[in-house]
Amino acid sequence: MIDPVVSSRRDTSWIGDDPRFGELRAAYRRFVFPVTAAFLLWFLTYVLCSAYARDLMATKVVGHVNVALVFGLLQFVSTFGIALAYGRYAARRLDPLAEALRSADAAHSDPAGRTGRGGDQEPTEIPA
């Protein structure tokens, strides 16, 4: 096992200046910011309707199921939907960019081509 202290000693200050890092951050933000804003707006609508539109929320849909219950369940559905969409987006857009940065970091930190050990240092076991 690699000691995280040893592996964190590598010089990674260059990575913030790499245009691929900026591209990764921009791609992340293109998904996260709009989806977060939409979800917060959806959640705030649910809360405000529950507080101020009681007649609307009390409207029966089927049997004892009312609009408030449907909206509450849709909160869970939208949360899982967002998680699924993010997983797909990350696999398609973010992971390739992150892998390119990992490869560049490995080449930058160890010009001889050895990866993950911060140069010639031997991995150290972490006591369990």
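Residues numbered from 1 in each chain as written. Predicted model: local features only at pLDDT ≥ 70, side-chain atom pairs only at ≥ 80, totals over all residues. Heavy atoms only, no water.

**Re the overall build of the chain**
Across its full length, the chain holds four helices and two strands. Listed by position from the N terminus, the elements making up the chain come as α-α-α-β-β-α. When the accessible surface of the chain is split by element, carbon and sulfur atoms take 65% of a total near 9,200 Å². (Helix = DSSP H or I, 4+ residues; strand = E, 2+ residues; numbered from the N terminus. Areas by Shrake-Rupley, 256 points an atom, 1.4 Å probe, with all protein chains shown as cover.)

**Points about helix 2 (residues 19–52)**
For helix 2, which comprises 34 residues, the first-to-last C-alpha distance of 48 Å matches the rise-based estimate of 50 Å (1.5 Å per residue) to within 8%. A bend of about 25° at Arg29 is the largest found in helix 2. Within helix 2 the residues assigned to the buried category are Leu24, Ala27, Phe31, Val32 and Cys49. Structurally, the start of helix 2 carries an N-cap: the backbone nitrogen of Arg20 is 2.7 Å from a side-chain oxygen of Asp18. (Expected span 1.5 Å × (residues − 1). Bend = angle between axes of the 7 residues up to and from the residue. Buried < 20%, exposed > 50% of the residue type's maximum accessible area, 1.4 Å probe, protein only. Polar contact = N/O pair within 3.5 Å; in protein donor to acceptor, adjacent residues only side chain to side chain.)

**Comments concerning the environment of Val35**
Assignment of secondary structure puts Val35 in helix 2. Since its relative accessible area comes to 23%, Val35 is described here as partly exposed. Val35 sits 50 residues away from Ala85 along the chain, and the two C-alpha atoms are 9.9 Å apart.

**A few points about the side chain of Asp18**
Topologically, Asp18 is positioned in the loop between helix 1 (4–7) and helix 2. From its side chain, Asp18 meets the backbone nitrogen of Arg20 in a polar contact 2.7 Å long.

**Some thoughts on the nonpolar core**
Counting residues in hydrophobic clusters, the biggest one holds 10 residues: Leu24, Ala27, Phe31, Val32, Tyr89, Ala90, Leu94, Leu97, Ala98 and Leu101. Going through the elements one at a time, helix 2 and helix 4 (67–109) are the ones with two or more residues in this core. A total of six residues in this core trace back to one element, the largest contributor, which is helix 4. (Core = buried A, V, L, I, M, F, W, Y, C linked by side-chain atoms within 4.5 Å.)

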